[in-house]
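One letter stands for each residue in the lines below.
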Amino acid sequence: MRMVVCEEFGPVERLRVVERESVPCGPGAVRIAVTATGVNYVDGLFVKGEYQIKPPLPFTPGMELVGRITEIGEGVVDRAVGDRVFANVGLGAYASEVVAPSLATLLLPADTSTLSDGQAATFMQSYLTGWFALRERVQAREGQSMLVLGAGGGVGAAAVDIGALLGLRVIAAASTPEKRELALRQGAVAVIDSSTEDVKERAKEIAGESGASGVDLVYDPIGGEQSATCLRALGDDGALLVIGFVAGIPMLPANQVLLRNRRVIGVDWGGWALRNGARNNELTGEVLDHVLAGRLHPVEPASYPLERAAEALADLDARKVAGKVALRP
Ligand SMILES: NC(=O)c1ccc[n+]([C@@H]2O[C@H](COP(=O)([O-])OP(=O)(O)OC[C@H]3O[C@@H](n4cnc5c(N)ncnc54)[C@H](OP(=O)(O)O)[C@@H]3O)[C@@H](O)[C@H]2O)c1
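The rules we used
- Residues numbered from 1 in each chain as written.
- Predicted model: local features only at pLDDT ≥ 70, side-chain atom pairs only at ≥ 80, totals over all residues.
- Heavy atoms only, no water.
- Helix = DSSP H or I, 4+ residues; strand = E, 2+ residues; numbered from the N terminus.
- Contact = heavy atoms within 4.5 Å.
- Buried < 20%, exposed > 50% of the residue type's maximum accessible area, 1.4 Å probe, protein only.
- Near = heavy atom within 4 Å.
- Polar contact = N/O pair within 3.5 Å; in protein donor to acceptor, adjacent residues only side chain to side chain.
- Salt bridge = Lys/Arg side-chain N within 4 Å of Asp/Glu carboxyl O.
- Phe/Tyr/Trp six-rings, centres within 6.5 Å; stacked < 30°, edge-to-face > 60°.
- Core = buried A, V, L, I, M, F, W, Y, C linked by side-chain atoms within 4.5 Å.
- Axes fitted to C-alpha atoms, helices over the stretch in contact; angles between N-to-C directions.
- Parallel < 35°, antiparallel > 145°, perpendicular 65-115°, else oblique.
- Left-handed = near helix turned anticlockwise from the far one by under 90°.
- Nonpolar A, V, L, I, M, F, W, Y, C, P; charged D, E, K, R; others polar.
- Pairing = 2+ DSSP bridges.
- Right-handed = clockwise from strand over helix to strand, strands pointing away.
- Lys, Arg positive; Asp, Glu negative; His and termini not counted.

Chemist: Honestly, the side chain of Ser102 in this entry has me stumped. Any pointers?
Modeler: Along the chain, Ser102 turns up in the loop between strand E6 (97-101) and strand E7 (105-107). Here Ser102 is in contact with Gly28, Ala29, Val30, Val76, Asp78 and Arg79, once residues within four sequence places are set aside.

Below, the structure is given as structure tokens:
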């Protein structure tokens, strides 16, 4: 089997692909021949040693994968050889083969016409974050307006899609025409060019067209200075959903939170999911049902061979990707 290895924390270019012997498939585990691996922004943080958790070296990055089961370990009764499954493995998904606890796998329909392997390997983290944020952290209501920052990135595009399904009026901010077109396809009612326009002012103008004092929600995977600015785009009782910090951790002015009774709401889906497995399984089921019924629309990712994992991570970091990226072993 082939796997990507990070031997020291540092630039993603130092990642190597190596050949290794397969490991045994122990009790309760399944062996999966990987067909697609999701590439997430956080994978690059792990490799650079910039994530809050630093795994012991060497390690193989990657959380999410899709593949076919080729072997089942002792005691596994609810999976069979040939099953198509998604697995969240924490680390180790940048590989041609993975042995994972069967409990970490989710059975997918064998038919790939509604959900391809690439889509299935790349949607879970982005969509569960959005579903958790908009269903559990705030109870988003039909007719509310939501400004999504970084709306052409993986997490942003998922939030646009979920917002549209929930009946929100989604205003999408993104830096390139390709990303803004993706946001429109995902259901945004208006787009803002974040590279040339004043995002806060434009969002307020668009929300003002229906008489509101500002937007109801800001979905923020970006952070940095834009967070503090866009906090001011919120109307009465509006909420800033803190999702991520690709542009740095912001300092938010408390006076702007006080004004208009605004709220700042943290969203830590990964940590919450570990502590609330049963409820997270329910949310996962809800999202998967919507996807398989065609009500949610995960994007078909750009695909890179496993050997080009470093390039995939570098392209994501350089903001070149609209939507998601998958590795194909
Ligand atoms: N809270 C949670 O539970 C949770 C779960 C999953 C992910 N996340 C976090 O969400 C964030 C986004 O992840 P993602 O998968 O959407 O990443 P992504 O696909 O790389 O998209 C991020 C978007 O951010 C913008 N961007 C990137 N670098 C920037 C910079 N330096 N300054 C301003 N904008 C920048 C880009 O949009 P433009 O080019 O349009 O500006 C890019 O499309 C990450 O921090 C990730 O760790 C959080």
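What follows picks up the thread again.
Chemist: Would you explain the environment of Met1 in this entry?
Modeler: Here Met1 lies in the segment before strand E1 (2-5). By relative accessible area, Met1 is classed as partly exposed at 22%. With 21 residues separating them along the chain, Met1 and Ser22 place their C-alpha atoms 6.1 Å apart. In this structure, Met1 is in contact with Val18, Glu19, Arg20, Glu21, Ser22, Ala95, Ser96 and Glu97, ignoring residues within four places of it in sequence.

Chemist: Could you clarify how one ought to interpret the site of the ligand in this entry?
Modeler: In the region of the ligand, 21 residues are neighbours, and Val155, Ser175, Lys179, Ile243 and Val267 sit closest. Gly154 places a polar main-chain atom, nitrogen or oxygen, 2.9 Å from an oxygen atom of the ligand. The separation between an oxygen atom of the ligand and a polar main-chain atom of Val155 is 2.8 Å. Only helix H2 (117-137) and helix H3 (154-165) provide two or more residues apiece to the shell around the ligand.

Chemist: Where do I start with helix H1 (residues 41-48) in this structure?
Modeler: Since there are 3.6 residues in each turn of an α-helix, residues three or four apart along the chain are aligned in direction. With six of its eight residues buried, H1 lies for the most part within the structure. Taken together, the buried positions of H1 are occupied by Val42, Asp43, Gly44, Leu45, Phe46 and Val47. Where H1 is buried, its residues touch strand E3 (29-39), H2 and helix H10 (309-317). Of the residues flanking the end of H1, it is Gly49, one or two places downstream, whose phi is positive at about 75°.

Chemist: What is the right way to look at the pattern of salt bridges in this model?
Modeler: In a structure, side chains of opposite charge can pair up when their charged atoms sit close to one another. The final tally for this structure, using the stated rule, is 19 salt bridges. A salt bridge links Asp317 to Lys48; its shortest N-O distance comes to 3.2 Å. Here Lys48 lies in helix H1 and Asp317 lies in helix H10, a separation of 269 residues in the sequence. A network of salt bridges, in which partner residues are shared, links Glu136, Arg279, Glu282 and Glu286.

Chemist: So what exactly am I meant to see when it comes to the packing of aromatic side chains here?
Modeler: Each aromatic ring pair is specified by the distance between its two centres and by the angle formed by the two planes. Considering all chains together, one arrives at four aromatic pairs under this definition. Plain terms: the ring middles of Phe46 and Tyr51 are 4.6 Å apart, the flat faces sit at 45° to each other, and that makes the pair tilted.

Chemist: Hey, could you run me through the nonpolar core in this one?
Modeler: Where a protein is soluble and globular, its nonpolar side chains tend to be buried together. Leu134, Leu217 and Leu241 are the most contacted members of the largest nonpolar core, which has 45 residues in total. In terms of residues, this core owes the most to one element, H2, which gives ten residues. With near-sequence residues (within four places) excluded, Leu217 lies in contact with Leu134, Val138, Ala140, Gln144, Ser145, Met146, Leu147, Leu168, Leu234, Ala239 and Leu241. The next biggest cluster of nonpolar side chains, apart from the first, holds 21 residues, and it includes Cys6, Val47, Ala309 and Ala312.

Chemist: Sorry, what's going on with the packing of H1 against H10 here?
Modeler: Packed helix pairs are characterised by how far apart their axes lie and by the angle those axes make with each other. It is at 9 Å that the axes of H1 and H10 come closest, and there the two elements cross at 110°. Comparing the axis directions of H1 and H10 gives the class roughly perpendicular. Taken as a pair, H1 and H10 cross one another with a handedness that is left-handed. Where H1 abuts H10, its residues Tyr41, Asp43, Gly44, Val47 and Lys48 lie against Leu313, Leu316 and Asp317. Residues of the contact of H1 with H10, tallied by class, amount to four nonpolar, one polar and three charged.

Chemist: I would appreciate a short explanation of the pairing of strand E14 (residues 302-305) in the present structure.
Modeler: A regular strand places its side chains so that they alternate between the two faces of the sheet. Here four bridges tie E14 to strand E15 (residues 325-328), and the two strands are oriented parallel to one another. Following the sheet pairing, Pro305 is matched in E15 by Arg328. Handedness of the β-α-β unit built from E14, H10 and E15 comes out right-handed.

Chemist: It is not clear to me how the side chain of Arg262 should be interpreted in this structure. Could you clarify?
Modeler: Mapped onto the secondary structure, Arg262 falls in the loop between helix H7 (254-258) and strand E13 (263-266). The side chain of Arg262 sits in the buried core without any salt bridge; Asp236 is the nearest counter-charge, 7.3 Å away. With near-sequence residues (within four places) excluded, Arg262 lies in contact with Leu231, Arg232, Leu234, Gly235, Gly238, Gln256 and Val257.

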